[in-house]
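# Notes for the structure review
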Amino acid sequence: MHLFDSIISSILRFKYKKVTAMLADPLGCQERLMQSFVEEAKHTAFGKDHDFDNIRSYEDFKARVPLRNYEQLLPYIERIKAGEKDILWKGRPAYFGKTSGTTSKTKYIPVTEDSLNNHIGAGQYSALNYACKYNKVAFVKGKSLFFSDGHFFEDINGIKTAPISTIGNSRVPWWYKWLRLPSDEINAIPDYKERIGAMIDLAGKNDIRIIVAMPVWLLVFLRGLKEKTGNDFKQLFPNFQLLILSGMDYEPFLPEIKKYIDMPFDVYETYPSTEGLLAYQDCLEERGMQLILNNGIFFEFVPVNEVFNENPKRVSLNEVETGISYAMVLNTNAGLWGYINGDTVRFKTVFPHRIEITGRIAQYISAFGEHVTVEETEKSIAETANECNATIVEYTVAPNIKDDGTLPYHEWFIEFGEMPKDMADFAARLDKKICERNFSYKDVVTHKAIEPLKITLVPKGGFEEFLRVAGKTGLQQKVPHARNDYQFAAQLKQALSL
């Protein structure tokens, strides 16, 4: 066994060299990516339209490649769907990554053979960092349980189309498939409850050491595991080491998760997207994620308060500063150019380039000029739950504007694990914390332009039921935590008869 450990450690440290090379020269990695992307794509339709032949520097790049959202990039994507090649990247994409929010339209993001490594190769960075930086290699002796979307493909004019987790699962190396669960056969079960049930049966027969999941679906699994086996988590998986949570701030949900995972474990967060895995947590001691800078994505950043300006400030990695909230801009070897992916981030440190997600450009509430962000809601509800000995399963917030002449308010839809003893006190504390974080919100409440926030209780299992009714049962789907309209809230209330 000692020899096995030594061999595994040597392999991991060899692969970790790619990570250390990135950390040693982050700006050089990004510069080389930009230049190589321009060279590779200069004969494409996009490259010709934007004079790639005359791009020599980042300033040239900015002058020729405008910022775009998905709708503005759509004419090129429609040409790809129609069968044309050499449009955004050489040839045709191997796949379309299909993505949609609970209320948004479906998007089809090109995924090329070149860009697959942005997902599969980058997915190893977190585990390599965990193993090599902290000398924790025991997880390799067991299995990793991944919550992903179902294993279903559709065809768009010869291009396989599915959620990115499905695409990634279909292309992982054989040796990696040995380490990860569940199988493609289980992921192909159409009904998500049956799929999770099969995952529970499978997990009980394996030595699970890592779980990668979204909080809402992880809790569905953990509740079902407890109900079906009657055993504590630590009895079933005594060698469990690491929980990797992705796509959102996990702090509000961690206390409820710990009720079920009743043993010491480490927590990492990652930043996955349909465009690629963008960052991973590299320190156990503190939050924050290291950007992946040498694996197929050239990053740009726009200060959030300038996103909608006619000529917003736009910087590459060598000009970013800590403490500023930036809109993320991606350029990839799948042919995304100047692509605003909708996320906002803030740099906690520069060298290393460690970020935290602050929200979504579209996920905020400013119906009354208050501009309450997802970051403010998540930190406030986590602190309030901790003070009130409550735990949170899921939540969302929306402005409730009445047409009967009464004052509007922010309506919080909350599913609790452990209920607070005094709901009125919980609401008052939560409102106070939002006021402390957001002076504009405090101003509209103080001057009685709106009422203090109100809470609508979501019954246990309510958000899971809503996602089922909405057809959003891929295990990578998530709930928007703030919306500037009442559309999602209205759908939630209708589905659950609230």
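Up top is the structure.
Below, the structure is looked at part by part. (Residues numbered from 1 in each chain as written. Predicted model: local features only at pLDDT ≥ 70, side-chain atom pairs only at ≥ 80, totals over all residues. Heavy atoms only, no water.)

Quick look at the sheet that holds strand 6 (residues 180-181) now. The 11 strands are arranged 6-3-7-8-9-10-11-15-14-13-12 in an open sheet whose pairing can be described as mixed. Since the sheet does not close on itself, it has two edges, and those belong to strand 6 and strand 12 (297-303), each with one partner. Inspection of the sheet shows strand 14 (residues 339-349) paired to strand 15 (residues 354-360) by 6 bridges, in the antiparallel sense. Of the residues in strand 15, the one forming a bridge with arginine 346 is glutamate 356. Taken strand by strand, helix 8 (residues 123-134) contacts strand 8 (242-246), strand 9 (266-271) and strand 10 (279-281), and its axis lies near 145° from that of strand 9. (Pairing = 2+ DSSP bridges. Helix = DSSP H or I, 4+ residues; strand = E, 2+ residues; numbered from the N terminus. Contact = heavy atoms within 4.5 Å. Axes fitted to C-alpha atoms, helices over the stretch in contact; angles between N-to-C directions.)

Here we have 4 strands laid out as an open sheet, ordered 2-1-5-4, and mixed in their pairing. At either end of the open sheet lies a strand with only one pairing partner, and these are strand 2 (107-111) and strand 4 (154-156). Each strand axis lies, on average, 35° off the axis of its neighbour in the sheet, ignoring direction. Of the strand pairs in this sheet, strand 1 (residues 95-99) and strand 2 are connected by 5 bridges, and their pairing is antiparallel. Across the sheet, residue lysine 98 finds its bridge partner in strand 2, namely tyrosine 108. Those strands touched by helix 6 (residues 70-81) are strand 1, strand 2, strand 4 and strand 5 (159-162), and its axis lies near 65° from that of strand 2. Running over the sheet, helix 9 (residues 164-171) touches strand 1, strand 2 and strand 5 and is turned about 140° from strand 1.

As a further point, take the pattern of salt bridges. Using the criterion set out here, one finds 34 salt bridges in the structure. Ionic pairing is found between arginine 354 and aspartate 282, a salt bridge with its closest N-O pair at 2.9 Å. With arginine 354 in strand 15 and aspartate 282 in the loop between strand 10 and strand 11 (289-291), this pair connects stretches of sequence that are 72 residues apart. A residue is classified by how much of its surface remains accessible, and arginine 354, at 8% relative accessible area, is buried. On the basis of relative accessible area, aspartate 282 is assigned to the buried category, the value being 6%. Taking the shortest distance from any N to any O, the salt bridge between arginine 429 and aspartate 425 comes out at 2.8 Å. Separated by 4 residues within a single helix, arginine 429 and aspartate 425 lie in helix 17 (residues 423-437), roughly one turn from each other. (Salt bridge = Lys/Arg side-chain N within 4 Å of Asp/Glu carboxyl O. Buried < 20%, exposed > 50% of the residue type's maximum accessible area, 1.4 Å probe, protein only.)

With that settled, the discussion passes to the state of the cysteines. As used here, a disulfide is simply a covalent bond connecting the sulfur atoms of two cysteines. Under the definition given, this model contains 0 disulfides. Left without a disulfide partner, cysteine 29 is nearest to the cysteine sulfur of cysteine 132, which lies 18 Å away. Its relative accessible area of 8% is what places cysteine 29 among the buried residues. With no disulfide of its own, cysteine 283 lies 14 Å from the sulfur of cysteine 132, the closest cysteine sulfur. (Disulfide = S-S within 2.5 Å.)

Burial of strand 7 (residues 208-213) is extensive: 6 of the 6 residues sit out of reach of the surface. Pairing geometry for strand 3 (residues 143-146) and strand 7, over 4 bridges, is parallel. Bridging from a neighbouring strand, phenylalanine 146 pairs with valine 212 of strand 7. Pairing of strand 7 with strand 8 involves 4 bridges; the strand directions are parallel. Across the sheet, valine 212 pairs through a bridge with isoleucine 244, a residue of strand 8.

Nothing here speaks to function; it is geometry throughout.
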